[in-house]
Every structure is written in C-alpha cells, then in structure tokens.
Amino acid sequence: MPARLRRQIFHLFPLLVASIWTIFRPGVWPVLPLGFAITLLLLLYDCEQLCLRSVIVESIIAGLVYRSIIWIATPSMIGMDPDKYAVAISRVSDNGIGAISDLGFYGTTPIYHLFHTVVMDISGLGPATTLQITSTIFFALVPVVIVSYLAAMLSGDRAAKLGCILASAGAASIIYATLTIPQGLMLLLWYLVAVILIVDRHHKMSSALLVILIALMASLHKIGAILALGGVVGVAVVNFINAMRDNRVLLPRYLYRYAIIAGLIFMVQMIWLTTWIKAITLKLTYIITGASIDTTIEAPAATKIGGLNYLFFEHSSWILLLFAAGVSGVWLLYTRRDRQTAGLLGISGLAALIICFAVATPFSLSIQRAIGIGEPFLIILAVIGAISLSKRTDKSIAPIVIGILIITQLIGAGVVPDHPTEVNEHLTDEEIEAKDWANKHLDQRIYGHYFVAQEITDFEGERATYKTGAGGGFPSGWSPASKYLVSGNLSEADGCFFLRKGQDRVRYNGLYRLKYDPITRLNESSRALVFENTDVVIYC
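First, a word on what this report is: a plain description of the structure on this page. (Residues numbered from 1 in each chain as written. Predicted model: local features only at pLDDT ≥ 70, side-chain atom pairs only at ≥ 80, totals over all residues. Heavy atoms only, no water.)

1. Description of empty space enclosed by the protein
To locate leftover empty space, one rolls a probe as large as a water molecule over the atoms.
Then, number 1: Taken as a whole and judged by the stated rule, the model has four cavities of 30 Å³ or more.
Then, number 2: Here the second largest cavity defines a volume of roughly 80 Å³.
Then, number 3: Every element with two or more residues in the lining of the second largest cavity is listed here: helix 6 (111-123), helix 7 (127-155) and helix 9 (182-199).
Then, number 4: Of the residues forming the lining of the second largest cavity, the biggest block, five residues, is contributed by helix 7.
Then, number 5: Classifying every residue of the lining of the second largest cavity gives eight nonpolar, five polar and no charged. (1 Å grid on protein atoms, 1.4 Å probe; cavity = no way out; pocket = protein on both sides within 12 Å on 5 of 7 lines; lining within 4 Å. Points joined across faces, edges and corners; volume = space filled by probe spheres on them. Helix = DSSP H or I, 4+ residues; strand = E, 2+ residues; numbered from the N terminus. Nonpolar A, V, L, I, M, F, W, Y, C, P; charged D, E, K, R; others polar.)

2. What to know about the sheet that holds strand 1 (residues 302-304)
Then, number 1: In spatial order, the strands read 1-6-5; together these three strands make up an open sheet with antiparallel pairing. Every other strand in the sheet has two partners, leaving strand 1 and strand 5 (505-507) as the edge strands with one partner each. For this sheet, the mean angle separating the axes of adjacent strands, direction not counted, is 35 degrees.
Then, number 2: Strand direction decides the pairing type here: strand 1 and strand 6 (residues 511-514), joined by three bridges, are antiparallel. Bridging across to strand 6, T303 finds its partner in R513. (Pairing = 2+ DSSP bridges. Axes fitted to C-alpha atoms, helices over the stretch in contact; angles between N-to-C directions.)

3. Some points on the state of the cysteines
Then, number 1: With the rule as written, the count across this model stands at one disulfide.
Then, number 2: At a sulfur-sulfur separation of 2.0 Å, the disulfide partner of C496 is C540. The S-S bond linking C496 to C540 shows a torsion near 115 degrees; that makes this disulfide right-handed. Here C496, found in strand 4 (residues 496-500), pairs with C540, found in the segment after strand 8 (536-539); they are 44 residues apart in sequence, far enough to count as distant. (Disulfide = S-S within 2.5 Å.)

4. Remarks on the packing of helix 10 (residues 204-220) against helix 11 (residues 224-245)
Then, number 1: The N-to-C vectors of helix 10 and helix 11 enclose an angle of 140 degrees; their axes lie 6 Å apart at closest approach. Relative to helix 11, the element helix 10 lies oblique. The residues of helix 11 that touch helix 10, namely those facing I214, M217 and A218, are G224, A225, L227 and A228.
Then, number 2: Broken down by class, the residue content of the contact of helix 10 with helix 11 amounts to six nonpolar, one polar and no charged. (Parallel < 35°, antiparallel > 145°, perpendicular 65-115°, else oblique. Contact = heavy atoms within 4.5 Å.)

5. Points about the sheet that holds strand 7 (residues 529-532)
Then, number 1: Spatially, the five strands line up as an open sheet ordered 3-2-4-8-7, and their pairing is mixed. At either margin of the open sheet sits one strand with a lone partner, and together these are strand 3 (478-480) and strand 7. Between one strand axis and the next, the sheet turns by 25 degrees as a mean value, whatever way the strands run.
Then, number 2: For strand 7 and strand 8, the ladder comprises three bridges, and the chain directions are antiparallel. Note that in strand 8 the partner of E532 across the bridge is V537.

6. Some words on the pattern of salt bridges
Then, number 1: Tallied over the full model, the rule gives ten salt bridges.
Then, number 2: For the salt bridge of E48 with R158, the shortest nitrogen-to-oxygen distance reads 2.8 Å. Highlighted residues: E48 in the loop between helix 2 (31-46) and helix 3 (52-73) and R158 in helix 8 (residues 157-172), separated in sequence by 110 residues.
Then, number 3: The exposure class assigned to E48 is partly exposed, which follows from its relative accessible area of 35%. (Salt bridge = Lys/Arg side-chain N within 4 Å of Asp/Glu carboxyl O. Buried < 20%, exposed > 50% of the residue type's maximum accessible area, 1.4 Å probe, protein only.)

7. A few points about the side chain of S54
Then, number 1: Note on placement: S54 falls in helix 3.
Then, number 2: S54 sits in the buried class, given a relative accessible area of 5%.
Then, number 3: Once you skip the residues sitting within four places of it in the chain, S54 turns out to touch R4 and Q8.

8. Concerning the packing of helix 9 against helix 15 (residues 339-360)
The relative placement of two packed helices comes down to the angle between their axes together with the axis-to-axis distance.
Then, number 1: It is the contact of helix 9 with helix 15, at a shortest axis distance of 7 Å, that shows an interaxial angle of 145 degrees. Between helix 9 and helix 15, the contacting residues are W190, A194, L197, I198 and V199 on the first element and R339, Q340, G343, L344, I347 and L350 on the second.
Then, number 2: Partitioned by chemical class, the residues of the contact of helix 9 with helix 15 number eight nonpolar, two polar and one charged.

9. Considerations on the environment of L344
Then, number 1: Along the chain, the position of L344 falls in helix 15.
Then, number 2: Sequence-wise, L344 and V199 are 145 residues apart; in three dimensions their C-alpha atoms are separated by 8.9 Å.
Then, number 3: In contact with L344, other than residues within four places in its own chain, are L154, I198, F377, I380, L381 and I384.

10. Quick look at helix 7
Then, number 1: Its 29 residues give helix 7 an end-to-end C-alpha distance of 42 Å, which sits within 8% of 42 Å, the value for a rise of 1.5 Å per residue.
Then, number 2: Once helix 7 ends, the next one or two residues include G156, with phi positive near 100 degrees. (Expected span 1.5 Å × (residues − 1).)

11. Description of a nonpolar patch on the surface
Then, number 1: On the surface, L125, I133, I137, L141 and V145 cluster together to form a nonpolar patch covering roughly 350 Å² of accessible area.
Then, number 2: Within the secondary structure, L125 sits in the loop between helix 6 and helix 7. (Patch = residues over 30% accessible without salt bridge, like charges linked within 9 Å, V, L, I, M, F, W, Y side chains within 5 Å. Areas by Shrake-Rupley, 256 points an atom, 1.4 Å probe, with all protein chains shown as cover.)

12. As for a negative patch on the surface
Then, number 1: A surface patch of negative charge is lined by D94, D121, D458 and E460.
Then, number 2: On the basis of relative accessible area, D458 is assigned to the partly exposed category, the value being 42%. (Lys, Arg positive; Asp, Glu negative; His and termini not counted. Charge placed at Lys NZ, Arg CZ, Asp CG, Glu CD.)

13. Comments concerning the nonpolar core
Then, number 1: With 131 residues, the main nonpolar core has I165, W190, Y191, F377, I402 and I406 as its most contacted residues.
Then, number 2: When residues no more than four places from it in sequence are discounted, the contact partners of Y191 are F139, V142, P143, I146, G372, I373, P376 and F377.
Then, number 3: V486, L490, A493 and I519 belong to the second largest nonpolar core, which has 20 residues in total. (Core = buried A, V, L, I, M, F, W, Y, C linked by side-chain atoms within 4.5 Å.)

Quick look at the structure:
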C-alpha cells in the first residue's frame, strides 16, 4: 500500500469509526462531529507534508462522508421546509409544473423544483433522496474548491491547504448547508458570482456568465438579486477607497457594467416576480426610525433559555470567525491595493453587514442564513491573516488559529440536527410510526412540538402539503402546541396532543424551557392516552 494512501486512511479513520458508531446508535451528536473534527485536525497537522491536491481531495471526502452519515442516521427530513419541497417535486413529477402554480414566488420561478424533478426522474430515486444527494455533493465540493482556489491566488498554497480544511468544517457548521432548500442552491451560485467579482478577469464571457448566474439566483430565492447587487457595490466601494488613496478617480469600467446587470435583474425580481420591495421598504423604515417589532409573548409556564452556555454553542462559531476575518480584513485594507484583494474585502464586507443586520433585526433574516452568505470568504480572510501573523511570530501560529476555528465550527448548534442546546429538527423511527398512526386513526386536530407537527412522513399522503412559510408549513390537521405549552393552558387546545417524551424545550419565538411536565399534566386531565411507544405519547 502506498505511503500516501496509508496516510489518507489514517486521517479519515476517526471519521469512519464515528460514522459506523452513528449509523448503529441513536443520535448524531456528539460522536459524528467529534470524529469529523479529529479527522480535520489530523489533516491540518499533516498538511505541510501533503500536496495541495491531496489536501483538497481529503477535505472533500471528509465533508461527503459527514453529510452522508447525517442523512443516513436521521430517518426523516431535517428542519421545517425540506419535506415540503420533497412533496412539491413529487407532485411536479406526477402532474406537471402546473401542480405548484399556487406557490407564489416559487410557482412563478420553479427552477429549484424543476431541477430536482429532472434529477429524480432520470435517477429513479425518491424525492427525499434526490434532494439530499444534491445538497450533500454540492456543499461538500463547492466551498472547499472555491476557498482553495482563491486562497492560493491571494496567498499561496499554504493558505489554500489551511483554507480548504477549515472550509470543510465551516460549510458543515451552516445549518442551511445540510438543509435541502432553494436558498442552499442559491448560495452556491452566489459563491460563483463572488469568484467572478474577485478574480478580476473581465470580458464578454464573464459578463454573459454573470447575467445567467444572477438571473438564476433571483429565480431561486428572493434575496438572490439584492445579494448580487450588494456584492458589486461592495467591491466598488473598496475599489473606490483604493482609488482615492492612489489619487485616481475612475473605477474599473466592468464594475459599472456589472452594477447595471445586477440592478436590472434586481428591479425585475422585486417589482415583477415578487412584492418583496414593500417588505424591504418597511424593514428599512423600522431601522431608520429606530422602531422595533414587539416580540414579547406571555410564557408563564416556561423560561427563556439564554446565558453563556447557550451563547457559546449558538454563536461562538461565527463570532470567532468574523473577528478573525475582521482583523485580517482591516490589515489587508491598509497594506494591499490589488483588485483581487479589493474584491475579497468587498464581498466579505457585504457578508459582515448582512450578519450585523440579522443580529440587529432577527425578525428580518435569521443569523444562520446570514452566516452562509459569507462563510467561504470570511474563511479566506481568516487564513490569510493567520499566515501573515505566523510569518511575523512563529510558523505554528497559523495551524493553531485554524485548529481553534475548526473546533468552534464543529461544536456549534448548526453542525447537527440534534444538538443538546436546540430542539431536535427531525423525527426518530418511533416518532414516524406514531405520526403515521395518528394520520390514519385521528380525525381531530393534532397539536405537537413545532418540528414534529411540521414534519411530513408520507409525501404522497392526503395530509401532505408543499406550501411553506405564512399560510403553509403544517400538514392538514396538524398545528404547533407551542403556545399552549409555554402558557401551561393545555385545556384550551381543542384536539389531541402529540408529545415527545422527555422534551422540556419549546421553540416559540425563541427557545423556552418548560417549568412543568406536560405529559404528567395530560395524564391527570380528562384526556385519554390513545397511543404510546418508546418516544411518543398521544392524548385525546
């Protein structure tokens, strides 16, 4: 066996062991992220002796294995919306694209649904597997390749090696990188648009490609067009700063062309494809006037979860990465004036602004979505900064900094669907069994924990829905029990309760911990226990 192959197997061995353990034991946390972290740290330790291609390949393989095991180990889809898209592409496959014409934005631009329907029909796979395979492959491959390419261009092979290892961990830590939703595919196209803006090789082909990519982004998600326009503006701002410092007046001509392209597509999307311009205007009005939306709720039977423990696991991954990237970005702004660096700083600055916007106005954009927009580019900045620091101090500083960032990425709540600081966002086999039973035998309204009530287990069933967001999301006959659980007024719900055993946390405009056991209260009430298995009780 060649020495290089033995070394690669040695690196991947902890992840393979963790994968086997996870397949045959309940739960993904903490074994699978631990195995993934050890694999990446071993690769980080050894990367100086490996060629760049080997490091890239191992980083991609590790990411593929990690994501694949998450899908294998979770019996249902993950999160609120992926199961709805599985229902949608199943309907499109059976009845044509007109079957989802009432989906609003996605009924007008069903790019995501059409793409996966074609993949499903050609491959013969089921809708859930089709969505999972594309997400697994794309997010294990694209961020690593982009980070390695840009880092090598801006700072050499050592930066590319460290960057692609951190990118493998970083992409895994974005919860939306493991969810099969249109924004995930839109993010991948955004990464390609950002590469075009950063690389600074501009001709007619790049303009044509940019038009295609931005149009696809605008068709995949409402934020797509404004993201592309913001990227062009961000790059222009940094170039303008450099021009002022060099006593130049004119910006590169291609930026004007790109701004017109992105601006026209943005206007078409905002005015014709959606009415989102009204929502943006309203949110900007709230920010400018200093007003806020009242998110206060009555929760006498629960306490809101917070504190340092929650902050560390929920936010440390992006806070440390943003800090490292910010320090490096400020240093690069003052020391380098080439257009490639200006492009990276413009894209990363846009990402940082979006993250700050998400923190300041959580009702507008979730932090998890915002992180995904800038993750690869913030990683590049952090790596360049770490290498520059190591050149001035000690060579070991760079891998130590990257190792710390890898660990913080892989202990965060977004890295697995069953993190202990969050509510499980998937169903177990027993929960699927209970939900199938409830769908067949109960004709009353059923109230369950938020993600349990949302999840669809039978994509062809009568209760299945393909609608998401306001006015959708829950299968017919199912509703969230959150309001009744945090208030303690279970008697106000007219129907059945479908509750997980041992779950004392409730997602209701934030995360709450109950002060009582709802199952004990139901057992003492006039409701009767109609179903029970290892994980679930149903009272009617």
